[in-house]
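Here are the chains, one letter per residue:
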Amino acid sequence: MPTRILPAVGDADAVRSLTTLLSQLPDAEPVAPVADSTQLVDTLARLAAESIDELPEVVVVHERIGPVPALELIREVALRFPAVGVILVTSDAGPGLFQAAMDYGARGLVALPLSYEELASRVNAVAQWSVGVRRHLGAGGEVFSGVGGTVVTVSGAKGGVGTTLTAIQLALAAQASGRSTALLDMDLQTGDIAAYLDIQFRRSVVDLATINDITPRVLADAVFRHDTGLALLLAPGDGERGEEVTDRAARHIVTALRSRYEVVVVDCGAQLTGASAAAVEMADTALLVATPDVVAVRGAKRTVRMWDRLQIRKAEETTIVVNRYSRATEIQPALIQRITGTGIASTAIPANFKELQGAVDAGRVHELDSKGSVKQALWALAGELGLVKGTEAAAQQRRNGRARAGDRAALTFRRRKELGR
């Protein structure tokens, strides 16, 4: 059986030399190379959604891949696609980097300039390891799909449009359907999930900000387990500490949650930070909540344009959720879609604050009346997005269609500069 090898190389010269050598390996079947970390993860996710057998046995990561650094990319691939063996190609083949690469999940390291014998030896060993892992997973009767948990970010076109309530109810709907669910508060300065659920907590997302290797035990220590079963990772009580959560830390945290939970819902608030930008870029689905009024629609258009300028996410890969909707409003969802150039959720959330006021004031939004129109709409939205068990297939088809329309652009230095990181 031929060994499928996927190169991830951003440098044009390195692509040519690597693919030439790979094509000469016996029983090797190199596939089209990918140029950045985002394209690699998206490609693997699409293949894994079809079947574990569609995944390449070996992924070769060049040291100058971007925008995510090579070692962090290896960690994400190892966590999300454990049946894929990763080889790091690097000019530094010293023991320090070798140990770091192994710690991050690589199965081998090849030094530059490339040697046919060394490359052939590493590819062969890693391919045999990958085949053995897949055989073991298949014998166990539970084959890991490779996709990991579904990540959904919820951002606000402006403050006060219902972002946090939407995030909480989506997470509750997923949890109630039997899917293990985590709710992450990435509104780092003004996050209110704890207030909406009336809980007292000691640990927050900040406690994970400086940890490079977030093990399941470390993650469990930082998570608050709510009575509903939700795993909560909350914003810090002291808002100024939110600056400690960098975009790199956010990537580690979201990746760790994705590897442990079937659904991860992230409340990103209405302010863009390096951390929230990283979460939006990593998300399978990025929601933008807006109300049907001029100010909110302008805010949504401004946010979509900013995400596009900073190369975080394209407009067509963003879905707007219309909150406080009424047939009587002049601004209807179809108009918002035309103005922003985004997708639009089929489920609109009706305007009925009286239904919410008591639960919001008491910090008991998890006890909303199941017969209420707002809760029913939000839980229907969760089903539309594929967060509720049994609705994943339709949502995956929608994501695959967006992915075929074009991969997200890489994060650049300009984004960090404009965000002040």
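See the structure above.
Residue numbers run consecutively from 1 along every chain, following the written order of its sequence. Only residues with pLDDT of 70 or above have their local features reported here, since the model is predicted, and side-chain atom pairs are shown and tallied only from 80 upward, although totals for entire chains, interfaces and linings are computed over all residues. Just so you know, side-chain values use all the structure's heavy atoms and leave hydrogens and water out.

(A) Representation of the packing of helix 9 (residues 247-260) against helix 10 (residues 274-282) in the model. Two elements in contact, helix 9 and helix 10, have axes separated by 8 Å at closest approach and are oriented at 40°. Between helix 9 and helix 10, the angle falls in the class oblique. For the pair helix 9 and helix 10, the sense of crossing is right-handed. Along its contact with helix 9, which presents Asp247, Ala250, Arg251, Val254, Thr255 and Arg258, the element helix 10 presents Gly274, Ala275, Ala278, Ala279, Glu281 and Met282. Note that Gly is not counted as nonpolar here; it falls among the polar residues with everything else outside the nonpolar set of Ala, Val, Leu, Ile, Met, Phe, Trp, Tyr, Cys and Pro and the charged set of Asp, Glu, Lys and Arg. Taken together, the residues of the contact of helix 9 with helix 10 break down into six nonpolar, two polar and four charged. In this analysis an axis means a line fitted to C-alpha atoms, helices contributing only their contacting stretch, and an angle means the value between N-to-C directions, from 0 to 180 degrees. Each helix is a run of H or I in the DSSP string that is no shorter than four residues. Each strand is a run of E no shorter than two, and both are numbered from the N terminus. The cut-offs work like this: below 35 degrees is roughly parallel, past 145 is roughly antiparallel, 65 to 115 is roughly perpendicular, and the gaps in between are oblique. Crossing handedness is defined as follows: a turn of the near helix away from the far one that is anticlockwise and smaller than a right angle gives a left-handed crossing, while the clockwise case is right-handed. Contacts are residue-level and defined by heavy atoms, with any inter-residue pair within 4.5 Å sufficient.

(B) Structural context of helix 1 (residues 12-24). Helix span, as expected, comes to 1.5 Å for every residue beyond the first. Counted at 1.5 Å a residue, the expected span for helix 1 with its 13 residues is 18 Å, and the 19 Å between its end C-alpha atoms agrees. Pairs of N or O atoms are called polar contacts if they sit within 3.5 Å, as long as, within protein, a hydrogen donor faces a hydrogen acceptor (for residues adjacent in sequence, only side-chain-to-side-chain pairs). Between the side-chain oxygen at the start of helix 1 and the backbone nitrogen of aspartate 13 there is a gap of 3.2 Å, and the oxygen is on aspartate 11.

(C) Representation of unusual backbone geometry. The omega torsion of the bond from glycine 66 to proline 67 falls at 0°, within 30 degrees of zero and hence cis. Each neighbour pair has its own omega, and for leucine 112 with proline 113 the value is -5°, a cis peptide bond. Here proline 113 is to be found in the loop between strand 5 (108-111) and helix 5 (116-139). Even without a glycine there, the phi angle at aspartate 198 is positive, about 50°.

(D) Representation of the sheet that holds strand 9 (residues 231-233) in the model. Only strands that DSSP links by at least two bridges are regarded as paired with each other. Read from one edge of the open sheet, eight strands run 8-9-7-10-6-11-12-13, paired in mixed fashion. A single partner strand is all that each edge strand has here, and the edge strands are strand 8 (224-225) and strand 13 (343-344). Bridge count for strand 8 against strand 9 is two bridges, and the pairing is antiparallel. What sits directly across from phenylalanine 224, in strand 9, is leucine 232. Against the sheet, helix 6 (residues 163-176) touches strand 6 (150-156), strand 7 (181-185), strand 10 (263-269) and strand 11 (285-290), its axis set at about 175° to strand 10. Helix 9 rests against strand 6, strand 7, strand 9 and strand 10 of the sheet, and its axis sits at about 165° to strand 7.

(E) Region of the structure containing the packing of aromatic side chains. Aromatic rings from Phe, Tyr and Trp, taking only the six-membered ring of Trp, are treated as a pair when their centres fall within 6.5 Å; an angle between ring planes under 30 degrees marks them as stacked, one over 60 as edge-to-face, and anything in between as tilted. In the structure shown here, the tally under the stated rule is zero aromatic pairs. Just above the ring of tyrosine 104 sits the side chain of arginine 75; from NZ or CZ to the centre is 4.3 Å. Criterion for a charge above a ring: Lys NZ or Arg CZ within 6 Å of the ring centre, and within 35 degrees of the ring normal.

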